[in-house]
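Each chain, letter by letter, is given below.
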Amino acid sequence: MAQNERLRKILVLGAAFVVLFILYIGFIYFTTNLPESNKIGSFNIAESTKLYDREGKVLFYEIYKEEKRTLVSAEDIPDVLREATLAIEDASFYYHGAFDVRGIARAFFINFVKGRLDQGGSTITQQLAKNTFLSPEKTITRKLREAVLAIKLERVMSKDQILDLYLNQVPYGPNIYGVESASQAYFGKTVSELTLNESALLAALPQAPSYYSPWGSHRDKLQERKNFVLRSMQDLGYIDGQEFDQTDEGLPEILPRSEMGIMAPHFAVAVQEYLLDKYGEDVLRTGGLKVTTTLNWEMQQVAEKAVKDGGLRNKELYAGHNSALLAMDPKTGQILSMVGSRDYFADPEPEGCEEGVSCAFEGNFNVPLQGLRQPGSAFKPFAYLAAFQQGLTPDTIVWDVPTEFSVNCPPNCYHPKNFDLIFRGPTLLKQGLAQSINVPSVKTLYLAGLQNTMKVAEDFGITTFDDPDRFGLSLVLGGGEVRMIELLTAYSVLANDGIRREPTMILKVEDAKGKILEEYKEKAERVVDPQYPRMINEILSSVELRSGLFTASLPLTQVPGYQVALKTGTTNDYVDAWSIGYTPNLVAGVWAGNNNRNALGARGSSLLAAIPMWHDFMSKAQPLLPVEFFPRPEPTPSDNPILSGRLIDGEFHNILYYLGRLGDSQYSNWENGIQGWLATNGTGSIRVPTVPKDGQNDSPEVDKATINFVSPNNGDEVADTFTLIAEINAPEKLSRVKIFVDGVLSVSKSGNLGKSLRLEEEIRLKGTSLQSVVLIEAVDDDDNKGSEKIIIYR
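Note that the structure is a prediction, hence the values are computed from the model and not measured.

Help me understand the pairing of strand β7 (residues 322-328) in this model?
A regular strand places its side chains so that they alternate between the two faces of the sheet. Of all seven residues in β7, seven are buried; the element is thus mostly enclosed. Bridge count between β7 and strand β17 (residues 586-593): seven bridges; the pairing is antiparallel. Residue pairing for β17: Met328 is matched across the bridge by Val587. Direction of pairing for β7 relative to strand β8 (residues 335-339): antiparallel, over a ladder of four bridges. In the strand pairing of β8, Ala327 is matched with Ser337.

As C-alpha cells, this is what we get:
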C-alpha cells in the first residue's frame, strides 16, 4: 500500500511537472517577439508624410499612401465618436478587463454553429493588440498571443489611453488608418469637426472597412450599419430621442476618391522628390512629417480646370495634345499652382507611342519643371530691357522693313519676317515689344548686345543659356530653350520691380512631435535697377499698345479692375505656344504644344492655343488677390530725335546713323532695307512725327495746335468722375475741340474758341476697365491740327 501511494504521488508530481513544462513552453512560444510591458505605453505608431495646402487645411497627398495615418491627441477626438465606437464595438469596454467573457461565449457559440472561425468576440483592447502588434490572421495561435498582449496593455495603460490609441490605429478603409486620416479622406475635415452622423459612419467601418467602404458598392449596407450605430447609441443613453430623430438616415456627403489618393499630382510629386532628397526615404515613410506647402488650393482647382478644358479644345482644333500652367507669387517666389500636363492620370498619346520619344502627350511628365521648350517671343522683354540699359528708350525708332542680318549672305542668310507678313516702316520700340514685331526686335537685340541680353537672362534666373556660341540674333525670337519655371522666375523679376526670389514649394516642415525642421525664409536679391523693369511693365500693361496685335482676342488679355502686363510667344512652325501675364502680386504662364515637338495644326499660335487658357485661369485667380499697380518709370527724355520718337524730315536713315555707328557691319544692310521700303511705300506711309532738318533738336513744329494736360497728368489715378483741365494754344483761332475717352467721344466744342483755350470738363469713366486713354484733338481756322493723350488709372 505504501509503495502504491508513493508511486501515485510520483506520477502526480510528474504529470504536474509535464503540465507546467508544457505551459512554460507555451508561454515562451506565445510571448516570443511580443513587446515588453514597459515599452507598450510609449509605443509610437509610424506615420506617413502629409502634404497640406498653404492654409494647412487641405490634405492633398500622403507620401507612402499604403498606410495613411495621422495621430491626433485625446482632446481633439470628439466624445461623440468615442461613444459611437463603444456602442458598436465594445459597449461594456469600461466594465471588463482585457477580455469580455460573455462576448467570447457568444462568439464561441456562433463559430460552433457555423463550423468556422467567423466571430472573434474581441474587446477593443484585443483589437488594439491585434492591429498594432500582430497579424490579422484568424488562428488559435494568434488569438492566444493576442490575449497575452491584451493583458499587458491593460496593465500599463488606462482605459481612456487604450481607446484613444485604438482610434488612432484602427483601419477605416483601404490604406486609411486612424480617425483623422479617415475624417480627411471621407469628409475633408479634421476629426474634431465631425458631426453625429459622420461619427456614426466612421464607427461602422472597422468591422469590415473594404466591404463597407463609402466609395464601394455596398453603400446600402453601410447605411444600415451606420443607423444601427445610432440606435445603439440611443439605447445606451449616449444620445436622446430628439438627437436620433434629427439625424439624417441617409449617408453624410462623401468626398470623391482621388486618383491614387493624390490631388495636385504634379506639384505633390515635385514636393515629394524635394523631401526625399533632403530627409531620406525612411523619414518620409514613418516620420509623420507635416508639410505645409505654398499651394493655393482654390487657385489650383481653377488652374486644373483651365488646363484640362483648354487642352481638350487644343487637341480638337489644333492637334495640340498637351498643355501646362504655372503660377507664382513674385513677391515671395512661392508657387501657388502647378499643372504639369493636361491630365496626370491619362494614358500616353497616341496609343502605342514610345514615352520620352514619340509621345505627343505624357500625363506624368511635368512640363514646368522637366520640359525644355523654346519660348518664342516670350523672351523678347529681356532683350528690350537690355537695350534700355544701353541708353535706348521706349520711344526709340527702328525701321520695320525687310532686312538681311547676315553679313555673309549668301550663302548664310538670315532675314526674319513678321507674324503677319507686314512691314510697318518706322516703329517705336514700345510698339515692337507690345505688338511682338520680329524685325524691330532683332534689331533691338543687336543694339543691346547678345552678351548683355544673355547676362540679363542669367541674372533674372534663366540657367539654360550655357553655351553662348549656340545663339545668334534668333535668340530674341525664342531660339534658346528654357524651363517654364525659370522663365516665370524671370518674369517675376519684372513684376517685383527688379528683385529676384528663388521659386519655392515649401512653407514649413514639422516632425511628428511638432518640431519645425524647416520654414520659409525670404531670400531676395536685386538684380537690376527698378527703372528698367518699370519701363517694360508700362509697355506690356498698355492695352492701347498691344491692341495692334490682339483684335478680337483683346478682351482675353485683360482682367477688369487689374493692371495686367502680358506677353505671348509662338515658335517657328507653331511648335510651342505661350502666354505669360502678370500683376505685382501674381505671375501666371501657360504653355501649349506636343511633347514630341510636333507642330500645332491650323496655325495654332499663342493667340489661339494659349491666351484663352491663360484668361480662364487669370480671370478667376487674380480677383482672389488685392488690386495693386506697377510703379511708373521715370521719364526718358533725349536730345537725339531718333531716341525720342521723331524722324528728321527728308533724312531717313537707320538708327545706327544717329548713334554714330556708320562703320557698323550691319549699317549697309539696315540702310538698304529702309531705302527699299521707301521706294515701295513712299514717305506718305510714315506714321511717326518728323521734325525739320535744321531744327532737329527743337520741339515738334510750332505750326499746329498744342495741348497741355494740367490735371490729371499721364499715369495719375482718378475717381470714376473727375475734372479734366487742359490748356490749348493754336496759331489761329480754334474752331473745334474734341475729347475722347477710350475712343468714345465725350466732349465736343466748336465755333470761335479763340487762340488760347482753357478746358475744364467733367469726365465720367464708364465700364470696369482699370486703364483708360484720354485723347484731346484741336483744329484752328487754318486747319492746323494737334492732338495729345494721356493714360489714367482708377
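Mind showing me how you'd approach the side chain of Glu362 here?
Positionally, Glu362 belongs in the loop between β8 and α15 (367-370). Lacking a salt bridge, the buried Glu362 has Arg373 as its closest oppositely charged neighbour, with an N-O distance of 8.7 Å. In this view, Glu362 contacts Asn322, Ser341, Glu355, Gly356 and Asn595; residues no more than four positions away in its chain are not counted.

Would you take a moment to explain the state of the cysteines for this structure?
Two cysteines joined by a covalent bond between their sulfur atoms form a disulfide. Within the structure shown, the criterion is met by two disulfides. With its sulfur 1.8 Å from that of its partner, Cys409 forms a disulfide with Cys413. Between Cys409 and Cys413, the S-S dihedral sits near 80 degrees, and the bridge is therefore right-handed. Under the relative-accessibility criterion, Cys409 is labelled partly exposed at 32%. For the protein, the bonded cysteines pair up as 1-2, 3-4 when numbered in the order they occur along the sequence.

How should I be thinking about the packing of aromatic side chains in this particular structure?
One pair of aromatic rings is described through two measures. These are the centre distance and the angle between the planes. Taken as a whole, this structure holds 17 aromatic pairs when the rule is applied. With a centroid separation of 6.4 Å and 65 degrees between ring planes, the pair formed by Tyr186 and Phe187 is classed as edge-to-face. Given a relative accessible area of 9%, Phe187 falls into the buried group. Ring geometry for Tyr211 against Tyr212: centres 5.1 Å apart, planes inclined by 85 degrees, an arrangement best described as edge-to-face. Among the residues examined, Tyr211 registers a relative accessible area of 36% and is labelled partly exposed. Assessed through its relative accessible area of 12%, Tyr212 is described here as buried. Put simply, the rings of Phe379, Phe382, Phe460, Phe465, Tyr491, Tyr582 and Phe630 touch in pairs and so form one group of aromatic residues. It is Lys159 that lies over the ring of Phe93; its NZ or CZ is 4.3 Å from the centre. Across from the ring centre of Trp670, 5.2 Å away, lies the NZ or CZ of Lys443, which sits over that ring.

Analysis parameters
- Residues numbered from 1 in each chain as written.
- Predicted model: local features only at pLDDT ≥ 70, side-chain atom pairs only at ≥ 80, totals over all residues.
- Heavy atoms only, no water.
- Buried < 20%, exposed > 50% of the residue type's maximum accessible area, 1.4 Å probe, protein only.
- Helix = DSSP H or I, 4+ residues; strand = E, 2+ residues; numbered from the N terminus.
- Pairing = 2+ DSSP bridges.
- Lys, Arg positive; Asp, Glu negative; His and termini not counted.
- Salt bridge = Lys/Arg side-chain N within 4 Å of Asp/Glu carboxyl O.
- Contact = heavy atoms within 4.5 Å.
- Disulfide = S-S within 2.5 Å.
- Phe/Tyr/Trp six-rings, centres within 6.5 Å; stacked < 30°, edge-to-face > 60°.
- Lys NZ or Arg CZ within 6 Å of the ring centre and 35° of its normal.

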